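Results of the structural survey
Next come the chains, spelled out residue by residue.
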Number of protein chains: 2
Amino acid sequence: MYKVTVIVKRRSTILDPQGKAVEQGAKLLGYENISGTRIGKYIEFDVDMENETDAEEEVKQFCDKLLANPNIEDFEFTMEKV
Amino acid sequence: MYKVTVIVKRRSTILDPQGKAVEQGAKLLGYENISGTRIGKYIEFDVDMENETDAEEEVKQFCDKLLANPNIEDFEFTMEKV
């Protein structure tokens, strides 16, 4: 079994309205030094497979088809055998 | 200036309906080996301060007041001087 951690980020050329909103909130609360806020997703799950290559392929497909929007997001993942 | 990366996760005792939904989608698509899916947030931003302790304090407050819900989420962050 593998413990998988995926990070999904918007591409840097794509506007991030959620990040902008949080940043404006920060400024209103008086945190003036914060900039360039971008919000992505952090996903954890287990893959119950023994072969590493097969597991990697399953994770890639899961990310491609469900976790990330291929039009505007990129993903990266790490796998740890447990 | 510091580049900051924050990960916000729901506490493990708190149900994660978004993760459950994605996992059901995975099962419907035929990925049967995936379990324990939990979805959190991954946030990047810059803090324009020179003193590390001050910057850390600013980041902690930003996380506490805007990024994480203290009732159900925990956060961790890393800072890198640039």
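Residues numbered from 1 in each chain as written. Chains lettered and ligands numbered in written order. Predicted model: local features only at pLDDT ≥ 70, side-chain atom pairs only at ≥ 80, totals over all residues. Heavy atoms only, no water.

Here we look at the side chain of Glu 23 of chain B
Residue and element names in this part refer to chain B. What counts here: By the criteria applied, helices consist of DSSP H or I runs no shorter than four residues and strands consist of E runs no shorter than two, each listed in order from the N terminus. Exposure categories follow from relative accessible area, calculated using a 1.4 Å probe and restricted to protein chains: below 20% of the type maximum is buried, above 50% is exposed, and the middle band is partly exposed. Two residue types count as positive, namely Lys and Arg, and two as negative, namely Asp and Glu; His and chain ends fall outside the count. The term salt bridge refers to a side-chain nitrogen of Lys or Arg lying within 4 Å of a carboxyl oxygen of Asp or Glu. For this analysis, a polar contact is any N or O atom pair within 3.5 Å, provided that within protein one partner can donate a hydrogen and the other can accept it, and provided that sequence-adjacent residues contribute only side-chain to side-chain pairs. The contact rule is simple, with two residues in contact once any of their heavy atoms fall within 4.5 Å.
Take Glu 23: it is sitting in helix α1 (residues 17-28). Among buried charged residues, Glu 23 stands out as having no salt bridge; its nearest opposite-charge side chain is Lys 27, 4.2 Å away. At 2.8 Å, the side chain of Glu 23 forms a polar contact with the backbone nitrogen of Thr 37. Those residues in contact with Glu 23 that lie beyond four places of it in its chain are Ile 34, Ser 35, Gly 36 and Thr 37.

Some points on helix α2 (residues 52-67) of chain B
Selection rule: By arc we mean the arc of the directions from the helix axis to the C-beta atoms, nothing more.
Restricting attention to buried positions, one finds in α2 of chain B the residues Ala 55, Glu 58, Val 59, Phe 62, Cys 63 and Leu 67 of chain B. Burial along α2 of chain B is one-sided: seen end-on, the buried residues are contained in an arc of 135°. Across from the buried face of α2 of chain B, at angles greater than 90 degrees, the exposed residues are Thr 53 and Lys 65 of chain B. Lining the buried residues of α2 of chain B we find α1 (17-28) and β2 (34-47) of chain A together with β1 (2-10), β2 (34-47) and β3 (73-81) of chain B. Its side-chain oxygen placed 2.8 Å from the backbone nitrogen of Thr 53 of chain B, Asn 51 of chain B serves as the N-cap of α2 of chain B.

Some details on the interface of chain B and chain A
Short version of the rule: Accessible area that two parts lose when put together, with a 1.4 Å probe and added across both, is what the buried area reports. All amino acids are sorted into three groups, where Ala, Val, Leu, Ile, Met, Phe, Trp, Tyr, Cys and Pro are nonpolar, Asp, Glu, Lys and Arg are charged, and the leftover types, Gly among them, are polar. When DSSP locates at least two bridges between a pair of strands, those strands are taken to pair.
Each partner contributes to the interface: chain B provides 31 residues, whereas chain A provides 31 residues. In terms of surface lost to chain A, no three residues of chain B exceed Tyr 31, Asn 33 and Tyr 42 of chain B, which account for 23% of the buried area on that side. Linking chain B to chain A there are two salt bridges. Among the salt bridges present, the one from Glu 44 of chain A reaches Lys 9 of chain B, with a minimum N-O distance of 3.1 Å. The tally of links from chain B across to chain A stands at 15 residue pairs in polar contact (both at pLDDT 80 or more). Mapped onto the side of chain B that touches chain A, the elements with two or more residues apiece are β1, α1, β2 and α2 of chain B. Tallying contributions element by element places β2 of chain B first for the side of chain B that touches chain A, with 14 residues. In terms of residue class, the side of chain B that touches chain A is built from 15 nonpolar, seven polar and nine charged. When β2 of chain A meets β2 of chain B, the two strands line up antiparallel, connected through 11 bridges. Paired with Glu 44 of chain A across the bridge in β2 of chain B is Arg 38 of chain B.

Re the sheet that holds β3 of chain B
To keep it simple, the criterion reads: With axes taken as lines fitted to C-alpha atoms, and helix axes fitted only over the stretch in contact, angles between N-to-C directions fall between 0 and 180 degrees.
The six strands are arranged β3(A)-β1(A)-β2(A)-β2(B)-β1(B)-β3(B) in an open sheet whose pairing can be described as antiparallel. The open sheet terminates on both sides in strands that have one partner only, identified here as β3 (73-81) of chain A together with β3 of chain B. Direction aside, neighbouring strands of the sheet carry axes that sit 20° apart on average. Its contacts with the sheet put α1 of chain A on β1 (2-10) and β2 of chain A, and the angle it makes with β2 of chain A is roughly 125°. Strand contacts of α2 of chain B: β2 of chain A together with β1, β2 and β3 of chain B, with the helix running at about 150° to β3 of chain B, the strand carrying the most contacts.

All quantities given are derived from atomic positions and should not be read as evidence of function.
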